Amino acid sequence: MSDQHSQEIQRRLALALAAAEQMGQVAMRLFQSDAMTTARKADGSVVTPADKDSETLLRDLIAKAFPHDAILGEEFGEQPGNSGFRWVIDPIDGTRSFVDGIPTFANLIAVEFAGRAVAGVANFPALAECVWASEGHGAQWRSRQGLRVARVAQSIELSKAMVQTASPQSYARHGKLASLDKIAKQTLRTHGWNDAFSFALTATGRSHATVAFGFSRWDVAPFEIIFAEAGGQLTDWTGKGPALATALGTSKSMQPAFLDLLL
């Protein structure tokens, strides 16, 4: 990677971090508020004014700073570009949690180049946490305890592992209850949070793996680079493809054991 290309990535990461902070402020003005309103999208999922306002905010910032970049956002779709860079936006990941007053929702931003995530930000405004990374510059984690390097947990025996995963109802809907049974029997404990927070817990070493499924590109794009720079991997359940229909985020050393568990 040339110095110029690295600088272009860092410029976009700086904007993503500043925008995530502003998007978090937009969300927090409505979080746990009686002024919260909701609507249903065509696919039946919930949307709030904060989802749309947050994505609009970032799109406006990108248009001013990087007008030739492409954009893919959950709320307003695809906008073409010709710079080679594409922004992928989930303005509020975990909208259902956001509406219900649960603090694990996130603002997710990724920057791709040639179809691959090269920078990513996952901001959790209600928890005062943010995790981010860029290619070749490592992963960072800011919390109430300050700023530190984000690293996945060290390898341990599967029977001692803590796993972040989806609800039994989700496994049932996707026909994967047998996988949940194996995870429950062969690991120490499972927890289920909203998807973005599950990935953040594993990328920062507070859990040993995240096992989930059923994503759109904007749900997982920032975590591809975050896991890679934190010493881990985020793939599908085969270990060969990108996380989308299925997702496994863990350390490189523990990935084979979890793949054996899931296959």
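Preceding block: the structure.
In this text, all values refer to a predicted model and were calculated from it rather than measured experimentally. (Residues numbered from 1 in each chain as written. Predicted model: local features only at pLDDT ≥ 70, side-chain atom pairs only at ≥ 80, totals over all residues. Heavy atoms only, no water.)

When two helices pack together, their arrangement is captured by the angle between the axes and the distance separating the axes. Interhelical geometry of helix H6 (residues 195-203) versus helix H7 (residues 217-229) gives an angle of 5° and a closest axis separation of 11 Å. The orientation of H6 relative to H7 falls into the category roughly parallel. Contacts between H6 and H7 involve Ala196, Phe199, Ala200, Thr202 and Ala203 from the former and Val220, Phe223, Ile226 and Phe227 from the latter. For the contact of H6 with H7, the per-class residue count stands at eight nonpolar, one polar and no charged. (Axes fitted to C-alpha atoms, helices over the stretch in contact; angles between N-to-C directions. Helix = DSSP H or I, 4+ residues; strand = E, 2+ residues; numbered from the N terminus. Parallel < 35°, antiparallel > 145°, perpendicular 65-115°, else oblique. Contact = heavy atoms within 4.5 Å. Nonpolar A, V, L, I, M, F, W, Y, C, P; charged D, E, K, R; others polar.)

A word on the packing of aromatic side chains. Per the stated rule, a full pass over the model turns up eleven aromatic pairs. Ring geometry for Phe66 and Trp87: centres 6.2 Å apart, planes at 35°, overall tilted. In this pair, Phe66 sits in the loop between helix H2 (49-65) and strand E3 (70-73) while Trp87 sits in strand E5 (residues 85-93), placing the two residues 21 residues apart along the sequence. Taking relative accessible area as the criterion, Phe66 reaches 6% and is therefore assigned buried. Measuring from ring centre to ring centre gives 5.5 Å for Phe124 and Phe197, while their planes differ by 70°; the resulting arrangement is edge-to-face. Placement of the pair is Phe124 in strand E7 (residues 116-124) and Phe197 in helix H6, with a sequence separation of 73 residues. Its relative accessible area of 0% is what places Phe124 among the buried residues. Through a chain of ring-to-ring contacts, the aromatic side chains of Phe199, Phe215, Phe223 and Phe227 assemble into a single cluster. (Phe/Tyr/Trp six-rings, centres within 6.5 Å; stacked < 30°, edge-to-face > 60°. Buried < 20%, exposed > 50% of the residue type's maximum accessible area, 1.4 Å probe, protein only.)

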